[in-house]
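One letter stands for each residue in the lines below.
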Amino acid sequence: MANSGSGSSGVRLDESFRAVPTVYLTFLSIWFVSAFSWTAYTYKNRHSQCNKLQWTLTSVPLMKALQLMLSFLFWYPCYNFQACSLWMSFGVYVTGVLFQTAAFVSFLLISHGYCIMCERLSLNERRTTAALAFVFYLTLVGYKACVPYFTVLLLLNYFISFYVIFHHISQNLLVLREQLSIIENEDVHTMHDAVYKKYTMFKKFQGAMQIVAMAEIVICMNVDDSSENYWIRILIREWVQFCIFLYIGWIFKSQDLAPHFSIMPATKCKGETLVPPTYSIEMDAATFKEFSSHEWHIGVPTSSSHYQSSKDEVLVIIQHPGAQRSSKKLDFCSHNTECYVVSDLHTNSYSNQVELH
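Criteria and cut-off values
Residues numbered from 1 in each chain as written. Predicted model: local features only at pLDDT ≥ 70, side-chain atom pairs only at ≥ 80, totals over all residues. Heavy atoms only, no water. Disulfide = S-S within 2.5 Å. Core = buried A, V, L, I, M, F, W, Y, C linked by side-chain atoms within 4.5 Å. Buried < 20%, exposed > 50% of the residue type's maximum accessible area, 1.4 Å probe, protein only. Helix = DSSP H or I, 4+ residues; strand = E, 2+ residues; numbered from the N terminus. Contact = heavy atoms within 4.5 Å. UniProt positions renumbered as here; feature names shortened; annotations may be inferred. Axes fitted to C-alpha atoms, helices over the stretch in contact; angles between N-to-C directions. Parallel < 35°, antiparallel > 145°, perpendicular 65-115°, else oblique. Left-handed = near helix turned anticlockwise from the far one by under 90°. Nonpolar A, V, L, I, M, F, W, Y, C, P; charged D, E, K, R; others polar.

As annotated in an unreviewed UniProt entry, the protein is THH1/TOM1/TOM3 domain-containing protein from Arachis hypogaea.

(A) Layout of the state of the cysteines. Going through the model one piece at a time under the given rule, you end up with 1 disulfide. Note on C118: no disulfide assigned, nearest cysteine sulfur contributed by C115 at a separation of 7.7 Å.

(B) Highlighting the nonpolar core. L53, F107, F205, M209, I248 and F252 are the most contacted members of the largest nonpolar core, which totals 67 residues. Listing elements by their share of this core, those giving two or more residues are α1 (20-44), α2 (51-80), α3 (86-112), α4 (123-144), α5 (150-185), α6 (192-221) and α7 (230-251). Every residue in contact with L53, bar those within four places of it in the chain, is listed here: I110, Y114, C115, I116 and F252.

(C) How the structure looks around the UniProt feature "transmembrane region" (unreviewed entry) in the protein. Taken from the UniProt record, the annotation "transmembrane region" (unreviewed entry) applies to residues 23-43, 55-75, 87-110 and 131-150. The span residues 23-43 carries 100% helix and 0% strand; its end-to-end C-alpha distance comes to 30 Å. Its end C-alpha atoms 18 Å apart, residues 131-150 is made of 75% helix and 0% strand.

(D) The arrangement of unusual backbone geometry in detail. In this structure, C115 takes a positive phi of about 65° despite not being glycine. Among the secondary structure elements, C115 is positioned in the loop between α3 and α4. A residue is classified by how much of its surface remains accessible, and C115, at 2% relative accessible area, is buried. Although it is not a glycine, C146 sits at a positive phi angle of roughly 60°. Assignment of secondary structure puts C146 in the loop between α4 and α5.

(E) Main features of the packing of α4 against α5. Contact pair α4 / α5: the axes reach a minimum separation of 9 Å and the direction vectors enclose 150°. The orientation of α4 relative to α5 falls into the category roughly antiparallel. Regarding α4 and α5, the two cross each other, and that crossing is left-handed. Side by side, α4 and α5 meet where L132, V135, F136, L138, T139, L140, G142 and Y143 of the first sit next to F150, T151, L153, L154, N157, Y158, I160 and V164 of the second. Here the residues of the contact of α4 with α5 are counted per class, giving 12 nonpolar, 4 polar and no charged.

(F) Highlighting the packing of α6 against α7. Look at α6 against α7: their axes get within 10 Å of each other, and the N-to-C directions meet at 170°. Regarding the angle of α6 to α7, the classification is roughly antiparallel. Once α6 is placed against α7, the crossing between them reads as left-handed. On the side of α6, the interface is formed by M201, K204, F205, A208, M209, I211, V212 and A215, while α7 contributes V240, I244, Y247, I248, W250 and I251. Residue composition of the contact of α6 with α7, grouped by class: 13 nonpolar, no polar and 1 charged.

Shown next, in the form of structure tokens:
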């Protein structure tokens, strides 16, 4: 189909390929508008908690739009002018592999709970994600280059990858269910909306991953290479990919999140995945001067601008999860009429990054 050099004549394509450039141009327009809208919306809402995840997911539609643009630039002159560019086909090949790898890495990050359960991944999670992405990229290159036995390696890679994704999704759902159970048992509703929001996001993502797994199985089982239905297969494949990523993007888009949604540990840690509720006491500076306890930790301001613009100073104290909080909390508050208690629940670690008003 392609001759050596940047462009060559003498290539005659079957009439069944007539619709291929139109299909690629149509989806190029759709993905370009989607990528532009996603980037603009992410930049507009860059101050929200999920902005890191949003910028990470932005690479997926941008890479897909680039692949479709190169595909159109290859097929249009190839069919209409019988000049097929070898370098353009190589660009389609490379961007296609990069798009699938970027999508796979995004799925792994979301399954680990990046920017949902923790601000960043642990060192082991980053190493595992990088190793799986590297192996996935190499097997895709070998599979698309028709290297022997790479089809088996790709299927094995898909099996391991989806196992890791579903395993981490199940772990996060289990943690969130336990948190919701503790909230209901202790009658602490401050964090209920935030925890339930995260639980809903992971449930929807789990359903999307099941659809992706079934789609990949169908693609691998489809061995029909006839040219008669080539443009129909492209149309179905591109439409399924767009619908899947549109749904995932809708789940994790920047939005007005529930209160306390952003309360999360900086990184995941080993050991217990569930932490008891963390109680905080807020008081003014005069009351705090006479306060002393080793079971409480002083909160720090999240931003200097907020601290400078504040008129009334309020110090925020956070109790360690392992401390005996119930009796001391009540005794302390009984002697200080200007303090009040707020109950927060989050995963893996207690946070000392709270606002100092």
